[in-house]
Amino acid sequence: MYRRIPAIALFFPALLMSTTGANAQPDMTEAEGRLLYAAGGFPISEDGESPLNRCGEQASPRITFVDVNSDRRQDALFTDADACYGEDGRWFAMAVKEADGSWRGVGGFAGTAQAVSVSPTGWMVLDWTSAASTQRLEYDGSAYRVPGAAPAAAAAGIAGAVGAPASQEEAI
């Protein structure tokens, strides 16, 4: 069900081999890879050499392809570790593959997540752990949020935040 790829693989088309089956990584061009990373909150550096984290530093996020919304398309779960992410030292973000082939970010959070169920609408329900506290995350039609939390102000240069606490999470 899951397929992990190293970040750098998206920059070398020769490394992208067509695979089949449920664990297949989506075939994509370098341009598509750049759009995927941007949707996941990891824009590519100006020199084109590496993705950047939310602090503008070189990052090496891992990408796991999994269907998060029951649409039978391989969406992307990004995970990264760096001191940039505060006391958690970890960050995760999700990007969904739209019907037209584009990527759309649906949430980015300091900490870790674990899928705990699937909502009636088909989206994964997550337990998000950050700063030794665990909260439920649910998709609200546009992004993952803590149920009942008001959207927070955008921070750290990534537009559109998705719930409380504002310093710990951002939409992508």
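In what follows, the structure referred to is the one given above.
The rules we used
- Residues numbered from 1 in each chain as written.
- Predicted model: local features only at pLDDT ≥ 70, side-chain atom pairs only at ≥ 80, totals over all residues.
- Heavy atoms only, no water.
- Pairing = 2+ DSSP bridges.
- Helix = DSSP H or I, 4+ residues; strand = E, 2+ residues; numbered from the N terminus.
- Buried < 20%, exposed > 50% of the residue type's maximum accessible area, 1.4 Å probe, protein only.

## A few points about the sheet that holds strand 9 (residues 144–145)
For step 1, the next point in the chain: Strand order in the open sheet made by the 4 strands is 6-7-8-9, with antiparallel pairing throughout. Strands with a single pairing partner mark the edges of an open sheet, and in this sheet they are strand 6 (112–118) and strand 9.
For step 2, the next point in the chain: With 6 bridges joining them, strand 6 and strand 7 (residues 124–130) adopt antiparallel strand pairing. Bridge assignment links S117 to a residue of strand 7, and that residue is V125.

## Focus on the pairing of strand 7
For step 1, the next point in the chain: The buried fraction of strand 7 is high, at 6 of 7 residues.
For step 2, the next point in the chain: As judged from the 5 bridges shared by strand 7 and strand 8 (residues 133–139), these two strands associate in the antiparallel manner. Across the sheet, residue T129 finds its bridge partner in strand 8, namely T134.
For step 3, the next point in the chain: Between the antiparallel neighbours strand 7 and strand 8 lie 2 residues, among them A131 with a positive phi of about 50°.

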